[in-house]
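Reading the structure
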Amino acid sequence: MTVPLKHSDAITVDVALGERTYDIVIGRDVLPSLGGRIAALRPGARTAIVTDRNVARHWLEKTEASLAEAGIAASRIIVEEGEGSKNYAGLEQVSEALIAAKIERNDLVIALGGGVVGDLAGFAAAILRRGVDFVQVPTSLLAQVDSSVGGKTGINSPRGKNLLGAFHQPVLVIADTAVLDTLSPRQFRAGYAEVAKYGVLGDAAFFAWLEANHADIFAGGAAREHAIATSCRAKAAIVSRDERETGERALLNLGHTFGHALEAATNFSDRLFHGEGVAVGMVLAAEFSAQLGMIAEADARRVKHHLADVGLPTGLHDIAGFAQEGLVDADALMTLMAQDKKVRRGRLTFILLEAIGRAVIARDVEPASVRDFLAGKFARKP
């Protein structure tokens, strides 16, 4: 793989879904084009921007200015930042605000924010008047490479992550890489876990490229756009073949069965960001695959080393107070994993590895072997 030596023009990735095909526009400073693109896509539409307080401080006025320049009316709906808004109360707040703003079926909801805002606003759009179109303007790395693409929307239940939701595709995604400059280092690292995931699950060459070029991605060099575009192309290809996750789209959940359980165990708090949970989950999936004899232990170590190298947590003992506090154990995690969306007739589905770049869907894993594996991780000293 090669990368241009300087930032290029905007890159467009198509998500091919027939009449519902849409573009992902990726590049530095593409946010000002939002108004013009919406005016061309939905002439005469009104909009409502859903965002959180932190994103609003940085990007709401610029977004509104782009819309105003194109003659597009916009109202604003601001929620609290973080997973705490991605619940029944948050959905009610956004839905009622959209109704108050008189957003109709020919109008657009704009999700301006990270994964929480995208999931929440998208779900509200999916159920408002039985379905209103929406636009994703992801402002985190994780959202740009994962949650803004593919149409998964939803909220959390106290019993688990993303247990309520709908498949509702956006009509446009605008991924401005300049907005990532305002992320904290921890937030950026958390998003990078999803970038690495695409290499681990299906592209060994991309993973090797990430090992060599991750410093430039973090520094905001041209490698950043390349990594985002490569990730989006990978996801778009899978989504176009399996939109509703009846088959291979489940591969995109590599690390998520473990990771979602870890998030629930930490009460969806800032003790563990979603991407951090995915990083730990990927390492656990790789190590469990090695224990089952599916992947070489050296490859499992390589996955762990790369994630650790960029500063991500890679084990239970890296989660603040988690394995030491005695409040969560292997049995508790097994109970939380039993609520995973991929459970079929009571049996867990795991995404495991046969090699770096080759993930598989495993539906015949014995729960006892998973429980023993996790118990060993809790027992191991940091």
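Coordinates for the structure precede this section.
Let us look at the structure shown here. Quantities reported herein were computed from a predicted structural model and do not represent experimental measurements.

This brings us to the overall build of the chain. Summing up its helical and strand segments, the chain has 13 helices and 11 strands in all. Its C-alpha radius of gyration of 20 Å places the chain within 12% of the 21 Å reference for a compact globule of 382 residues. Overall, the chain is about 60 × 45 × 35 Å in size when its C-alpha atoms are taken along their principal axes. When each of the 382 residues of the chain is scored for burial, the buried share is 57%. Partitioning the intrachain contacts of the chain with sequence separation of at least 6 by distance along the chain shows that 75% fall at a separation of at least 24. By element, 50% of the accessible surface of the chain is carried by carbon and sulfur atoms, the whole surface being about 15,600 Å².

The tally for this structure, following the rule as stated, stands at seven aromatic pairs. Measuring from ring centre to ring centre gives 6.3 Å for Phe258 and Phe373, while their planes differ by 55°; the resulting arrangement is tilted. Here Phe258 is found in helix H9 (residues 256–265), whereas its partner Phe373 is found in helix H13 (residues 367–379), with 115 residues between them in sequence. Given the relative accessible area of 4%, Phe258 is considered buried. Taken together, a centroid distance of 6.2 Å and an interplanar angle of 55° make the contact between Phe288 and Phe350 tilted. Note that Phe288 is positioned in helix H10 (residues 274–291) and Phe350 in strand S10 (residues 350–355), a separation of 62 residues in sequence.

To continue, consider helix H6 (residues 185–202). Taking 1.5 Å of rise per residue, the 18 residues of H6 would be expected to cover 26 Å, and the 26 Å separating its terminal C-alpha atoms lies within 8% of that figure. Within H6, 13 of the 18 residues are buried, leaving the element largely enclosed by the surrounding structure.

Once that is clear, we can look at the environment of Ala308. Relative to the elements of secondary structure, Ala308 occurs in helix H11 (residues 297–309). The class of Ala308 is partly exposed, set by a relative accessible area of 41%. Linking Ala308 and Ala279, residues 29 residues apart in sequence, is a C-alpha distance of 9.1 Å.

The next subject is the pattern of salt bridges. A full pass over the atoms with the stated rule returns 21 salt bridges. For Lys304, the salt bridge goes to Glu287, with nearest N and O atoms at 3.8 Å. Pair noted here: Lys304 is in helix H11 and Glu287 is in helix H10, with a separation of 17 residues, a long-range link. We note a salt bridge from Arg301 to Glu297, for which the minimum N-O separation is 3.9 Å. Taken together, the residues Arg301 and Glu297, both in helix H11 and four residues apart, mark about one turn of the helix. With respect to burial, Arg301 and Glu297 carry one shared label: exposed.

Moving on, we get to the sheet that holds strand S1 (residues 11–15). What the seven strands build is an open sheet, ordered S1-S2-S9-S6-S5-S3-S4; its pairing is mixed. Two strands lie at the open edges of the sheet, namely S1 and strand S4 (74–79), each paired on one side alone. Strand-to-strand twist of the sheet, defined as the mean angle between neighbouring strand axes without regard to direction, takes the value 15°. Taken together, the five bridges between S1 and strand S2 (residues 22–27) define a ladder with antiparallel strand orientation. Paired with Val15 across the strands is Tyr22, a residue of S2. Contacting S1 and S2, helix H8 (residues 222–241) crosses the sheet at an angle of about 15° to S1.

What follows covers the packing of H6 against helix H7 (residues 204–219). Viewed as axis vectors pointing N to C, H6 and H7 meet at an angle of 160°, and their least axial separation amounts to 7 Å. On the basis of the axis angle, H6 is roughly antiparallel to H7. In terms of crossing hand, the pair formed by H6 and H7 is right-handed. Of the residues in H7, those touching H6 at Phe188, Arg189, Tyr192, Val195, Ala196, Tyr198, Gly199, Val200 and Gly202 are Ala204, Phe206, Phe207, Leu210, His214, Ile217 and Phe218. Grouping the constituent residues of the contact of H6 with H7 by class yields 12 nonpolar, three polar and one charged.

Before going further, it helps to examine the pairing of strand S9 (residues 172–176). Within S9, five of the five residues are buried, leaving the element largely enclosed by the surrounding structure. Of the two faces of S9, the one holding Leu172, Ile174 and Asp176 and the one holding Val173 and Ala175 are both buried throughout. As judged from the five bridges shared by S2 and S9, these two strands associate in the parallel manner. Note that in S9 the partner of Gly27 across the bridge is Asp176. Sheet topology note: the strand S6 (residues 133–138)/S9 ladder contains two bridges and is parallel. When the bridges of S9 are listed, Val135 appears paired with Leu172.

Criteria and cut-off values
- Residues numbered from 1 in each chain as written.
- Predicted model: local features only at pLDDT ≥ 70, side-chain atom pairs only at ≥ 80, totals over all residues.
- Heavy atoms only, no water.
- Helix = DSSP H or I, 4+ residues; strand = E, 2+ residues; numbered from the N terminus.
- Rg over C-alpha atoms; globule rule 2.2 N^0.38 Å.
- Buried < 20%, exposed > 50% of the residue type's maximum accessible area, 1.4 Å probe, protein only.
- Contact = heavy atoms within 4.5 Å.
- Areas by Shrake-Rupley, 256 points an atom, 1.4 Å probe, with all protein chains shown as cover.
- Phe/Tyr/Trp six-rings, centres within 6.5 Å; stacked < 30°, edge-to-face > 60°.
- Expected span 1.5 Å × (residues − 1).
- Salt bridge = Lys/Arg side-chain N within 4 Å of Asp/Glu carboxyl O.
- Pairing = 2+ DSSP bridges.
- Axes fitted to C-alpha atoms, helices over the stretch in contact; angles between N-to-C directions.
- Parallel < 35°, antiparallel > 145°, perpendicular 65-115°, else oblique.
- Left-handed = near helix turned anticlockwise from the far one by under 90°.
- Nonpolar A, V, L, I, M, F, W, Y, C, P; charged D, E, K, R; others polar.

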